Amino acid sequence: EDRRMEQTNNVKKIRESKMLSKAELARMAGISPLTIDRIERGKICRLATKRKILLALGLKITQKHRVFKQ
């Protein structure tokens, strides 16, 4: 298994702290629930997708380090 294709993040923790389902966050971010699921499991995603998730979680782009560990 190629670990380079994975990265830890806090998407699930923050989503659950805001009492949002995967489907709700996906709808707010304009992406599919499957994409949310894959990201929460540590799969990599595009920068544009990270930006959509940050904004949907009510965070600023400058707070990306709270969600995505680089």
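Look a little higher up for the structure.
None of the values given here were measured: they were computed from a predicted structure.

Draft legend 1. Main features of the nonpolar core. In terms of nonpolar packing, the biggest core is built from 17 residues, with V11, L25, I53, L57, V67 and F68 touching the most fellow members. Elements with a contribution of two residues or more to this core: α1 (11–17), α2 (22–29), α3 (33–40) and α4 (47–56). The residues contacting V67, other than those within four sequence positions of it, are N9, N10, V11, I14, L54 and L59.

Draft legend 2. Focus on unusual backbone geometry. Phi at M19 is positive, roughly 55°, even though this residue is not glycine. Position of M19 relative to the elements: it lies in the loop between α1 and α2.

Draft legend 3. Broad picture of the pattern of salt bridges. Inspection of every chain in the model, using the stated rule, returns 4 salt bridges. A salt bridge links K22 to E40, with the nearest nitrogen and oxygen atoms 4.0 Å apart. With K22 in helix α2 and E40 in helix α3, this pair connects stretches of sequence that are 18 residues apart. Two residues, D37 and R41, come together in a salt bridge whose shortest N-O distance is 3.0 Å. One network of salt bridges, with partners in common, ties together R15, K22, D37, E40 and R41.

Draft legend 4. Structural context of α2. By the burial criterion, the buried members of α2 are L25, A26 and A29. With its buried residues spanning 100° around the axis, α2 presents them on a single face. Looking at the packing, one finds that the buried side of α2 touches α1, α3 and α4. One or two steps after α2, the chain reaches G30, where phi turns positive at roughly 75°.

What counts and what doesn't
Residues numbered from 1 in each chain as written. Predicted model: local features only at pLDDT ≥ 70, side-chain atom pairs only at ≥ 80, totals over all residues. Heavy atoms only, no water. Core = buried A, V, L, I, M, F, W, Y, C linked by side-chain atoms within 4.5 Å. Buried < 20%, exposed > 50% of the residue type's maximum accessible area, 1.4 Å probe, protein only. Helix = DSSP H or I, 4+ residues; strand = E, 2+ residues; numbered from the N terminus. Contact = heavy atoms within 4.5 Å. Salt bridge = Lys/Arg side-chain N within 4 Å of Asp/Glu carboxyl O. Arc of directions from axis to C-beta.

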